[in-house]
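So the chains spell out like this:
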Amino acid sequence: MDTNILQKELDYYEKNKELFLKNYSNQFLLIKNEELLGSFTNEVDAYNTGIKKLGNQAFLIKQAIQTKFIQTNYSLYSGLIHASL
Amino acid sequence: MPVYNHSFVDDKNIPQPLGILQSGPVISIEISVPQSLAEEFTRSNLPIPRPIVGLALIDTGASSSCVDNGTIESLGIKSIGIVDTMTPAGPKQQYRYPAHFFFPAAKINVDFGSITGADLKGQPIMALIGRDILSNFIFVYNGTLGMYTIGY
């Protein structure tokens, strides 16, 4: 991933994180540029609203949670998918 | 509970454990745009991209399901997030995308809030089925008989 097309949205989230955690705990936030467009109980509803309001463009859906999720895909990132002798 | 069995057999229906050893627990998959995006394409008088058909590997080592970046791009799906991934070279960020999965053999539809884009270029698979989907399934890998079972 060369350039982060969602950097503006992520910066806005980080800047307001404490407020979001207080007011929208566990909700999925729909963010475009530096604007919160809505909060939702699930990711699909947030996406559907984003598509209706913004059309097919990149926008951020971020769950307001304290924990940071780190993804692990051991075989993929170790280059071992379909490795053979 | 519906059950889907996938056996690796030869033309005489004799189990071939080597098949599952070599290819892993793979399943046919169709990846398409989410319904709301299909409606947006229609509203914009744009053609709805046809589902992309290929193989997915069931990977219990993957915390989240992944789709090849090229597949996502060809469907015209835009990113909705970023996730931190842990790689041997250190942490790396990947985009997240919404998507719709259909497994025709098992007749299972999964509408994803988001999956992770990954570079699967050069692989015989175009998606990894991770523990986010498997959290809804019972999955049994039978290496001695060359088969796997999904209950859902």
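Definitions and cut-offs
Residues numbered from 1 in each chain as written. Chains lettered and ligands numbered in written order. Predicted model: local features only at pLDDT ≥ 70, side-chain atom pairs only at ≥ 80, totals over all residues. Helix = DSSP H or I, 4+ residues; strand = E, 2+ residues; numbered from the N terminus. Buried ≥ 20, exposed ≤ 12 C-beta atoms within 10 Å, placed from the backbone. Contact = placed C-beta atoms within 7 Å. Rg over C-alpha atoms; globule rule 2.2 N^0.38 Å. Pairing = 2+ DSSP bridges. Axes fitted to C-alpha atoms, helices over the stretch in contact; angles between N-to-C directions. Nonpolar A, V, L, I, M, F, W, Y, C, P; charged D, E, K, R; others polar. Expected span 1.5 Å × (residues − 1).

The name given to chain B in an unreviewed UniProt entry is Peptidase A2 domain-containing protein, with the source organism recorded as Candidatus Shapirobacteria bacterium CG2_30_35_20.

Looking at an unreviewed UniProt entry, chain A carries the name DUF5678 domain-containing protein, with the source organism given as Candidatus Shapirobacteria bacterium CG2_30_35_20.

Enquirer: Please give an account of the overall build of chain A that cites residues and values.
Expert: Counting its regular elements, chain A contains four helices and four strands. Here chain A, with 85 residues, has 28% of them falling under the buried criterion. A sequence separation of at least 24 residues applies to 45% of the contacts in chain A between residues at least 6 apart.

Enquirer: I'd like a description of the overall build of chain B, backed by residues and values.
Expert: Per the secondary structure count, chain B includes four helices and ten strands. In chain B, the succession of α and β elements from N to C terminus is β-α-β-α-β-β-α-β-β-β-β-α-β-β. Over its C-alpha atoms chain B spans a radius of gyration of 17 Å, differing by no more than 12% from the 15 Å that the globule rule assigns to 152 residues. With the C-alpha coordinates of chain B rotated into their principal frame, the extents come out at 50 × 40 × 30 Å. Counting the 152 residues in chain B, one finds 36% classified as buried.

Enquirer: An account of the sheet that holds strand β1 (residues 28–32) of chain A is needed here, citing residue identities and associated values.
Expert: Residue and element names in this part refer to chain A. Pairing within the open sheet is antiparallel, and its three strands lie in the order β2-β1-β3. Strands with a single pairing partner mark the edges of an open sheet, and in this sheet they are β2 (35–40) and β3 (60–63). In this sheet, neighbouring strand axes are inclined to one another by 25 degrees on average, regardless of whether the strands run parallel or antiparallel. In this sheet, β3 lies alongside β1 in antiparallel orientation, the contact comprising four bridges. Following the sheet pairing, Phe28 is matched in β3 by Gln63.

Enquirer: Give me the lowdown on the interface of chain A and chain B, citing residues and values where you can.
Expert: Size of an interface: often given as the accessible area lost when the parts come together. Contacts between chain A and chain B engage 32 residues on the former and 35 residues on the latter. Mapped by element, the contributors of at least two residues to the side of chain A that touches chain B are α3 (43–54), β3, β4 (70–72) and α4 (74–77) of chain A. For the side of chain A that touches chain B, the element with the most residues is α3 of chain A, which contributes five residues. Its residues placed into classes, the side of chain A that touches chain B shows 17 nonpolar, twelve polar and three charged.

Enquirer: Can you explain the sheet that holds strand β1 (residues 3–7) of chain B? Please cite residues and give values.
Expert: Residues and elements named next belong to chain B. Spatially, three strands are ordered β1-β10-β9 in an open sheet, and the strand pairing comes out antiparallel. Only two strands of the sheet have a single partner each, and these edge strands are β1 and β9 (138–142). Going from strand to strand, the sheet's axes swing by 10 degrees on average, the running direction of each strand aside. Here β9 pairs with strand β10 (residues 147–151) via five bridges, running antiparallel. Directly across from Val140, in β10, lies its bridge partner Thr149.

Enquirer: Could you give an account of α3 of chain A, with specific residues and numbers?
Expert: Over its twelve residues, α3 of chain A runs 16 Å from end to end, which matches the ideal 16 Å to within 8%, given 1.5 Å per residue. When we look at burial in α3 of chain A, the residues that qualify are Glu43, Ala46, Tyr47, Asn48, Gly50 and Ile51 of chain A. If you follow the buried residues of α3 of chain A, they end up packed against β1, β2 and β3 of chain A together with α2 (35–43), β6 (90–103) and β7 (108–118) of chain B.

Enquirer: Run through unusual backbone geometry, naming residues and quoting values.
Expert: The residue Asn26 of chain A is not glycine, and still its phi comes out positive at about 70 degrees. Mapped onto the secondary structure, Asn26 of chain A falls in the loop between α2 (17–23) and β1. Unlike most non-glycine residues, Asn45 of chain B shows phi in positive territory, near 60 degrees.

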